[in-house]
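Spelled out, the chains give:
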Amino acid sequence: MNRLRHDPTAIFLLPALLMLAVAFLIPLAGFFVQVLLVEQAPGTLLPAIHQVVASKATLTAVVTTNWIATLVTLFVLLAGYPIAYYLTQANSISASLVIFSIVVPYFTSIIVRTYSWMVLLGRTGIINTVLQALGLTDAPLPLLYNKTAVVIGMAYVLLPYMILTLYAAMKAIDMTYVRAARGLGAGGFYTFRRVYFPMSLPGVLSGSLIVFILATGFFITPALMGGPSDVLIAMLIERAVEINVDWSGAAILSLLLLCVTLLLYALYFRVIDVRRLVGAGR
Amino acid sequence: MTDPTTSSTDTAPPTRKGSAITLTGVTKAYGEDRVVDGVHLDIRPGEFCSLLGPSGSGKTTTLMMIAGFAQIDAGRIELDGKDIAGTPPNKRGFGLVFQNYAIFPHLNVFENVAFPLRARGWPKTDIADRVARALRLVRLERFATSFSRQLSGGQQQRVAIARAIVFEPSVVLMDEPLGALDKNLRYEMQTEIKEIQKQLGMTVVYVTHDQEEAMNLSDRIAIMNAGRIVQAGSPRDVYEKPADRFIGRFLGEANLIPGTVAMASDPHQGVLKLADGQMLHAASLEPLRAGVAATLFIRPERIELAAAESAADPDVNQLSGRVETLSFLGNTLRYMVRSAGGLPVMIECPNNGRDPIFAAGTAVTMRWRVAQSLLLMR
């Protein structure tokens with residue numbers, strides 16, 4: 001209510017907040033309370049948590065999730081940085097074209113985007129067909145149903161987040177600094193290393209965090225494009241619900257994932273001033 | 001090659017530490033619009049040369065071309081006789097000071113000043129030594145570990161200056177470096193900049209729109225208007241002998257009295273007839289012809305006010321009028337007097353507490369020596 005005194009237009013947040021509460025927060029809280037407190041026999045909660053968290057399946061999934069999330073983040077950073085830089089320097093026509101090709105996939109469902117990669121990478125997919133037709137290989141390459149495919153698929157989906165975050169940060173860099181560095185005797189690479197890149201670092205960190213946070217919760221892409229040993233935490237939760245009908249296991253894993261995500265998001269908060277992002281205040 | 005715009009009172013001493021910069025027919029055009037139009041300028045080694053002009057006159061674009069950040073569309077820029085058009089900006093070896101300082105925010109003061117040295121691969125011990133010297137020169141030794149966000153505007157500008165001179169360049173380019181500072185600080189910084197330049201002896205090319213600043217700092221001022229240099233000379237010369245009305249008005253307050261040349265006793269001495277028939281004597285830098293329109297130029301501080309007319313004197317012009325307004329400006333008194341013929345004339349007198357003060361409505365006589373005025377043909 002304090003906000004209302006400072007800014008009466010905050011009352012327009014109410015419908016969205018209400019919807020968030022009703023459709024998300026309350027059911028989620030209800031789920032956790034129901035499964036972990038109500039249905040659990042007293043005294044069995046902590047051993048149950050220990051059993052789930054310490055199990056081999058969970059630990060492997062945590063390792064796999066973090067490893068893939070890290071690879072995806074690095075890949076997306078390396079691919080996205082030059083594109084974002086290009087967008088800050090290009091004229092409006094070229095820039096519009098690039099932005100178009102980045103943003104339009106957003107409008108297609110993630111399943112469609114994932115399947116399109118499977119079409120490209122499959123044994124009878126486009127890449128393999130072309131390679132065999134050109135005689136570069138005699139048998140189809142196993143490009144699908146492994147970690148590489150998962151990383152590629154997830155990177156494709158998450159690339160726009162990195163590019164747009166980096167673009168916003170890079171746009172804020174005053175090119176006078178680059179000009180000053182060059183005029184004072186620094187070559188192109190030296191200027192990049194000592195002036196431009198350090199100034200883009202906040203953008204790099206916040207972009208990486210957002211991509212990492214999103215990657216840890218991924219389900220569809222790894223489920224469709226990964227091999228039998230590529231199990232991420234979200235897939236474990238799905239397994240617990242769909243196959244084992246282990247509600248408490250699913251609840252514990254969900255809570256684990258939620259806590260990790262919130263921790264990472266708290267870190268993200270420190271790196272970037274979210275209020276500045278939404279244009280409030282200042 | 002002699003520079004036709006120099007005058008006899010230039011005294012910039014040549015030093016081996018500064019370089020000469022020569023601009024010949026330098027032009028920059030955006031389509032049909034010539035932002036810089038055929039600029040010729042001969043900057044001597046060790047000279048402090050200002051490019052002075054209103055916004056849009058092309059002075060910053062000219063500086064950017066000297067620095068190498070803007071392409072030259074026509075003409076040549078030479079450094080000590082060598083054409084530098086093909087040299088990229090980081091290889092030209094100039095010191096640069098920008099209007100917004102451009103102090104790297106993620107590096108502390110020491111690292112900022114050390115930047116040009118590190119970029120050139122200087123050894124560590126030399127760097128430490130040079131940076132300390134530069135910081136001492138701008139009196140910021142105690143701030144070596146501070147960051148730009150902890151510094152005031154004046155301090156940031158001093159860091160920028162230290163960074164620009166730390167590698168002892170033969171030329172320093174400055175683009176309105178004091179624009180963002182308040183008046184007192186600006187004057188203090190001007191003195192510091194002049195001191196540093198005298199000590200180190202490098203050539204300085206200084207862009208500004210502030211004529212007081214240009215006059216205070218420069219050995220020579222090049223006044224730019226609409227992409228061209230309209231006059232270049234020592235501060236005193238351009239102030240007292242402007243080539244045209246624009247320059248006369250730009251460098252300070254000026255009285256510009258229109259009339260027709262009634263008689264020319266010799267090509268450079270004549271009589272101007274005003275609309276009301278009054279005759280004023282004046283000299284001219286350009287040849288006079290009877291019958292053409294001309295303007296009498298006289299600075300407000302060169303006119304004396306007296307209560308009554310005095311005897312006619314061939315060396316003194318007199319005009320009678322009535323005081324319209326009197327403004328108290330602190331150290332000066334500014335009068336607006338309406339002449340008998342209806343012309344407005346501005347007079348400035350020092351507020352010395354001795355001279356009589358004429359209230360609004362008083363009848364007065366305005367007097368000035370003929371030699372203090374000038375006939376302008378343009």
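Nothing here was measured: the structure is a model prediction, and the numbers come from that model.

Quick notes on the rules
- Residues numbered from 1 in each chain as written.
- Chains lettered and ligands numbered in written order.
- Predicted model: local features only at pLDDT ≥ 70, side-chain atom pairs only at ≥ 80, totals over all residues.
- Heavy atoms only, no water.
- Helix = DSSP H or I, 4+ residues; strand = E, 2+ residues; numbered from the N terminus.
- Contact = heavy atoms within 4.5 Å.
- Lys, Arg positive; Asp, Glu negative; His and termini not counted.
- Charge placed at Lys NZ, Arg CZ, Asp CG, Glu CD.
- Buried < 20%, exposed > 50% of the residue type's maximum accessible area, 1.4 Å probe, protein only.
- Areas by Shrake-Rupley, 256 points an atom, 1.4 Å probe, with all protein chains shown as cover.
- Pairing = 2+ DSSP bridges.
- Patch = residues over 30% accessible without salt bridge, like charges linked within 9 Å, V, L, I, M, F, W, Y side chains within 5 Å.
- Salt bridge = Lys/Arg side-chain N within 4 Å of Asp/Glu carboxyl O.
- Polar contact = N/O pair within 3.5 Å; in protein donor to acceptor, adjacent residues only side chain to side chain.
- Phe/Tyr/Trp six-rings, centres within 6.5 Å; stacked < 30°, edge-to-face > 60°.
- Lys NZ or Arg CZ within 6 Å of the ring centre and 35° of its normal.
- Core = buried A, V, L, I, M, F, W, Y, C linked by side-chain atoms within 4.5 Å.
- Expected span 1.5 Å × (residues − 1).
- Axes fitted to C-alpha atoms, helices over the stretch in contact; angles between N-to-C directions.
- Domains from an automatic or database assignment.
- Buried area = accessible area lost by both parts, 1.4 Å probe.

> Describe the overall build of chain A, and please don't skip the residues or the numbers.
On a plain count of helices and strands, chain A comes out with 14 helices and 0 strands. N-terminal to C-terminal, the α/β element order of chain A is α-α-α-α-α-α-α-α-α-α-α-α-α-α. Principal-axis analysis of the C-alpha atoms places the extent of chain A at approximately 75 × 70 × 30 Å. If you take every contact in chain A between residues at least 6 apart in sequence, the share linking residues at least 24 apart comes to 70%. Seen as two clouds, the 16 positive and the 9 negative side-chain charges of chain A have centres 17 Å apart.

> If you had to explain the overall build of chain B to someone new, which residues and values would you point to?
Looking only at helices and strands, chain B has 8 helices and 20 strands in total. Structurally, chain B occupies a C-alpha span of about 75 × 45 × 40 Å along its principal axes. For chain B, the residues scored as buried account for 51% of the 378 residues in total. Pairs at least 24 residues apart make up 67% of the contacts formed inside chain B by residues separated by at least 6 positions. Accessible area for chain B stands at about 17200 Å²; split by element, carbon and sulfur atoms hold 51% of it.

> Explain the pairing of strand S2 (residues 33-43) of chain B residue by residue, including any values.
Residue and element names in this part refer to chain B. When strand S1 (residues 21-30) meets S2, the two strands line up antiparallel, connected through 7 bridges. The residue of S2 that forms the bridge with Val26 is Val39. Counting the residues in the hairpin turn of S1 and S2 gives 2 residues, including Gly31, whose phi is positive at 70 degrees.

> How would you sum up a nonpolar patch on the surface? Please name residues and give values.
Taken together, Ile11(A), Phe12(A), Leu13(A), Leu14(A), Leu17(A), Leu20(A), Val22(A), Phe24(A), Leu25(A) and Ile26(A) make up a surface patch of nonpolar side chains, about 1000 Å² in accessible area. Checked against the element boundaries, Leu25(A) lands in helix H2 (residues 14-38).

> Give me the interface of chain B and chain A: which residues, what numbers.
In this complex, chain B contributes 23 residues to the contact, which on the side of chain A involves 17 residues. Joining chain B to chain A, the criterion identifies 1 salt bridge. Among the ionic pairs, Arg194(A) bridges to Glu111(B), the shortest N-O distance being 3.3 Å. Linking chain B to chain A there are 4 residue pairs in polar contact (both at pLDDT 80 or more).

> If you had to explain unusual backbone geometry to someone new, which residues and values would you point to?
Both trends apply: most residues other than glycine have a negative phi, and most peptide bonds are in trans. The backbone phi angle of Tyr145(A) is positive, close to 60 degrees, even though this residue is not glycine. Checked against the element boundaries, Tyr145(A) lands in the loop between helix H7 (126-133) and helix H8 (147-171).

> Give a description of the packing of aromatic side chains that names residues and reports values.
In this structure the tally under the stated criterion is 17 aromatic pairs over all chains. Seen in terms of ring centroids, Phe31(A) and Trp247(A) are 6.3 Å apart; in terms of plane orientation they differ by 75 degrees. Their pairing is edge-to-face. Of the two residues, Phe31(A) sits in helix H2 while Trp247(A) sits in helix H13 (residues 247-271), which places them 216 residues apart along the sequence. Here Tyr190(A) and Phe115(B) contribute two aromatic rings whose centre-to-centre distance is 5.6 Å and whose plane-to-plane angle is 55 degrees, an arrangement assigned as tilted. Remark: Phe115(B) occurs in helix H2 (residues 109-119) and Tyr190(A) occurs in helix H10 (residues 188-216); the pair is interchain, linking two chains. By way of ring pairs, the aromatic residues Tyr81(A), Tyr85(A), Phe192(A), Tyr196(A) and Phe197(A) are connected into one cluster. The ring of Phe167(B) has Arg120(B) lying over it, and the distance from NZ or CZ to the ring centre is 4.0 Å.

> Give a detailed account of the pattern of salt bridges, specifying residues and quantitative values.
Applying the stated criterion across every chain, the model contains 23 salt bridges over all chains. The salt bridge involving Lys28(B) is made with Asp73(B); its shortest N-O contact spans 3.8 Å. Of this pair, Lys28(B) sits in strand S1 while Asp73(B) sits in the loop between helix H1 (59-67) and strand S4 (74-79), and the two are 45 residues apart along the sequence. Note on Lys28(B): relative accessible area 8%, which makes it buried. Assessed through its relative accessible area of 43%, Asp73(B) is described here as partly exposed. In this structure, a network of salt bridges that share partners links the residues Arg194(A), Glu111(B) and Arg118(B).

> Requested: an account of the pairing of S4(B), with residues and values cited.
On a regular strand, each side chain points to the face opposite its neighbour's, so the side chains alternate between the two faces of the sheet. Residue and element names in this part refer to chain B. Two strands pair when backbone bridges link them, and S1 and S4 are joined in this way by 5 bridges, in the antiparallel orientation. Residue Thr27 lies in a different strand from S4, and its bridge partner there is Ala74. Linking S4 to strand S5 (residues 82-83), which pair antiparallel, is a turn of 2 residues; within it Asp80 sits at a positive phi near 50 degrees.

> Before we move on, could you go through the nonpolar core and cite the residues and values that matter?
Counting residues in each nonpolar core, the largest one holds 90 residues, and the members touching the most others are Val72(A), Ile21(B) and Leu173(B). Sequence-distant contacts of Val72(A), defined by excluding residues within four places in its chain, comprise Val151(A), Met154(A), Ala155(A), Leu158(A) and Val211(A). If you look at the next biggest cluster of nonpolar residues, it comprises 37 residues, including Leu184(A), Val131(B), Ala160(B) and Ile193(B).

> I'd love a proper account of helix H5 (residues 92-103) of chain A, names of residues and values included.
Along its 12 residues, H5(A) runs 16 Å from first to last C-alpha, staying within 8% of the 16 Å computed at 1.5 Å per residue. Of the residues flanking the start of H5(A), the one acting as N-cap is Asn91(A), its side-chain oxygen 3.0 Å from the backbone nitrogen of Ile93(A).

> Just give me the short version of the sheet that holds S4(B), but keep the residues and values in it.
Residue and element names in this part refer to chain B. Read across the open sheet, the 4 strands follow the order S2-S1-S4-S5; overall the sheet is antiparallel. Both outer strands of the open sheet, S2 and S5, are each paired with one neighbouring strand and no more. On top of the sheet, H1 reaches S1, S2 and S4; it is set at about 115 degrees to S1, its chief contact.

> Help me get a handle on the domain arrangement of chain B, residues and values and all.
Residue and element names in this part refer to chain B. Split into domains, chain B comes out as domain 1 (21-93 + 169-248) and domain 2 (253-376). Distance between the C-alpha centres of domain 1 and domain 2: 33 Å. In this assembly, 8 residues from domain 1 lie in contact with 11 residues from domain 2. Summed over both partners, the interface of domain 1 with domain 2 buries about 850 Å², with 54% contributed by carbon and sulfur atoms. Per-residue buried area on domain 1 facing domain 2 is highest for Tyr239, Arg245 and Gly248; these three make up 55% of the total on that side. Across the domain 1-domain 2 interface, the total number found is 1 salt bridge. As a salt-bridge pair, Arg302 and Glu240 come within 3.1 Å of each other at their nearest N and O atoms. Summed over the shared surface of domain 1 and domain 2, the result is 4 residue pairs in polar contact (both at pLDDT 80 or more). Secondary-structure elements contributing two or more residues to the side of domain 1 that touches domain 2 are helix H7 (235-240) and helix H8 (245-250).

> Help me get a handle on the side chain of Ser339(B), residues and values and all.
Within the fold, Ser339(B) resides in strand S17 (residues 332-339). Sequence-distant contacts of Ser339(B), that is, excluding residues within four places in its chain, are made with Ser320(B), Gly321(B) and Met366(B).

> Could you give an account of the sheet that holds strand S12 (residues 269-273) of chain B, naming the residues involved and the relevant values?
In sheet architecture, strand pairing relies on hydrogen bonds along the backbone and comes in two forms, parallel and antiparallel. Residue and element names in this part refer to chain B. If you trace the 5 strands once around the closed barrel, you get S11-S12-S13-S20-S14, paired in mixed fashion. For this sheet, the mean inter-axis angle between neighbouring strands, taken without regard to orientation, is 55 degrees. The pairing of strand S14 (residues 293-298) with strand S20 (residues 374-376) spans 3 bridges and is antiparallel. Following the sheet pairing, Leu296 is matched in S20 by Leu375.

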